[in-house]
Amino acid sequence: MAAHGHLTVAAILVAAGDGARLGGSVPKAFCEIGGQTLLERALRPFAAHAGVRDLVVVARADQLDRAAGLAPLARVVAGGATRQASVACGIAALSEDVDTVLVHDVARPFVPAEVIDRVLAALMSGADAVVPTTQVLDTVKRVAPSGAVLETVDRSTLRAAQTPQGFRRGVLEAAHRHSAAAVSTDDAALVEACGGRVVVVDGADESFKITRPWDLLLAEAVAGR
């Protein structure tokens, strides 16, 4: 693995979730699809990408040895109580010369290399942060706590965010410091809160997130193609 142009890139793979909504007997990162864990599948496109030099896996503290066995090319570190805290643990583990960071959820095990290419290209063009996205195809309603519909949202302005999200390292570090007391499931939102320039690129249907048992059925179909 090597630097991408003038960027020195590390990928942080977040694998510290318990997967409660998935309903499995093991943490989500170790659920198997087609005989391979989500962690192994999620690592593959980054380990094979010429633009990614370093790999960092953030796992549950009680699963470090197991994660290290599945990710021999990565530095494996313990995560925190939230996704945001786990990403901060991954940032702290980066080598000093890394200037560009990709943050990816292991729950998205099928990201195409082309999405990584697009994220890195946007960073090279000057973006502070980059989010791969897809169009929102469903009609979206904004609803009151009572269940009453307040409005139908214009979906032409909406995008569904995916990972890997890409960042200039200094921007990501500053966003985490600035928002340490905030709660966010999206690192790009932390950059937005600091006034950073966030842009979107095309994601991919294959980069869907595995959250519920139904998603595992889809993942098995994709893995068996």
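Above this note sits the structure.
Residues numbered from 1 in each chain as written. Predicted model: local features only at pLDDT ≥ 70, side-chain atom pairs only at ≥ 80, totals over all residues. Heavy atoms only, no water.

This next bit is on the overall build of the chain. Secondary structure assignment for the chain yields seven helices and twelve strands. Relative to the compact-globule value of 17 Å for 225 residues, the chain shows a C-alpha radius of gyration of 17 Å, a close match. Taken along the three principal axes of its C-alpha coordinates, the chain extends 50 × 40 × 35 Å. Residue burial in the chain is summarised as follows: out of 225 residues, 46% are buried. Summarising the internal contacts of the chain: among those between residues at least 6 apart in sequence, 71% fall at separations of at least 24. Carbon and sulfur atoms provide 52% of the accessible area of the chain, an area that totals close to 10,900 Å². (Helix = DSSP H or I, 4+ residues; strand = E, 2+ residues; numbered from the N terminus. Rg over C-alpha atoms; globule rule 2.2 N^0.38 Å. Buried < 20%, exposed > 50% of the residue type's maximum accessible area, 1.4 Å probe, protein only. Contact = heavy atoms within 4.5 Å. Areas by Shrake-Rupley, 256 points an atom, 1.4 Å probe, with all protein chains shown as cover.)

What follows covers the pairing of strand 11 (residues 165-168). As judged from the four bridges shared by strand 6 (residues 100-105) and strand 11, these two strands associate in the antiparallel manner. Bridging from a neighbouring strand, Val101 pairs with Phe167 of strand 11. Examined bridge by bridge, strand 7 (residues 129-135) and strand 11 share two bridges and lie antiparallel to one another. Of the residues in strand 11, the one forming a bridge with Ala129 is Phe167. (Pairing = 2+ DSSP bridges.)

This model, assessed by the stated rule, comprises one aromatic pair. Taking the centre distance of 6.0 Å and the plane angle of 40 degrees together, the rings of Phe110 and Phe208 count as tilted. Taken together, the residues Phe110 in the loop between strand 6 and helix 4 (113-124) and Phe208 in the loop between strand 12 (198-202) and helix 7 (213-223) connect sequence positions 98 residues apart. For the pair Phe110 and Phe208, one class covers both residues: buried. (Phe/Tyr/Trp six-rings, centres within 6.5 Å; stacked < 30°, edge-to-face > 60°.)

So, on to helix 4. Under the 1.5 Å per step criterion, the end-to-end length of helix 4 is 17 Å for twelve residues, consistent within 8% with the ideal 16 Å. Turning to helix 4, its buried residues are Val115, Ile116, Val119, Leu120, Ala122 and Leu123. One face of helix 4 carries all of its buried residues, which in axial projection span an arc of 160 degrees. Turning to helix 4, the residues buried within the fold contact strand 1 (9-15), helix 1 (38-47), strand 6, strand 7, strand 11 and strand 12. Where helix 4 ends, the next residue or the one after it, Gly126, has phi of about 115 degrees, a positive value. (Expected span 1.5 Å × (residues − 1). Arc of directions from axis to C-beta.)

The next thing to look at is the packing of helix 3 (residues 83-92) against helix 5 (residues 169-178). Axis separation between helix 3 and helix 5 bottoms out at 11 Å; the angle between their running directions is 135 degrees. Classed by the angle they form, the pair helix 3 and helix 5 counts as oblique. Considering only the axes of helix 3 and helix 5, their crossing is left-handed. Two secondary-structure elements touch here, helix 3 through Gln84, Val87, Ala88 and Ile91 and helix 5 through Arg169, Leu172, Glu173 and His176. Partitioned by chemical class, the residues of the contact of helix 3 with helix 5 number four nonpolar, two polar and two charged. (Axes fitted to C-alpha atoms, helices over the stretch in contact; angles between N-to-C directions. Parallel < 35°, antiparallel > 145°, perpendicular 65-115°, else oblique. Left-handed = near helix turned anticlockwise from the far one by under 90°. Nonpolar A, V, L, I, M, F, W, Y, C, P; charged D, E, K, R; others polar.)

Here we take up the environment of Ala219. Mapped onto the elements of the fold, Ala219 is located in helix 7. For Ala219, a relative accessible area of 0% corresponds to the buried category. A sequence separation of 106 residues divides Ala219 from Ala113, and the C-alpha atoms of the two residues are 18 Å apart. With residues up to four places along the chain from it excluded, the contact list for Ala219 reads Ile33, Phe110, Phe208 and Ile210.

Read these as geometric descriptors, not functional statements.
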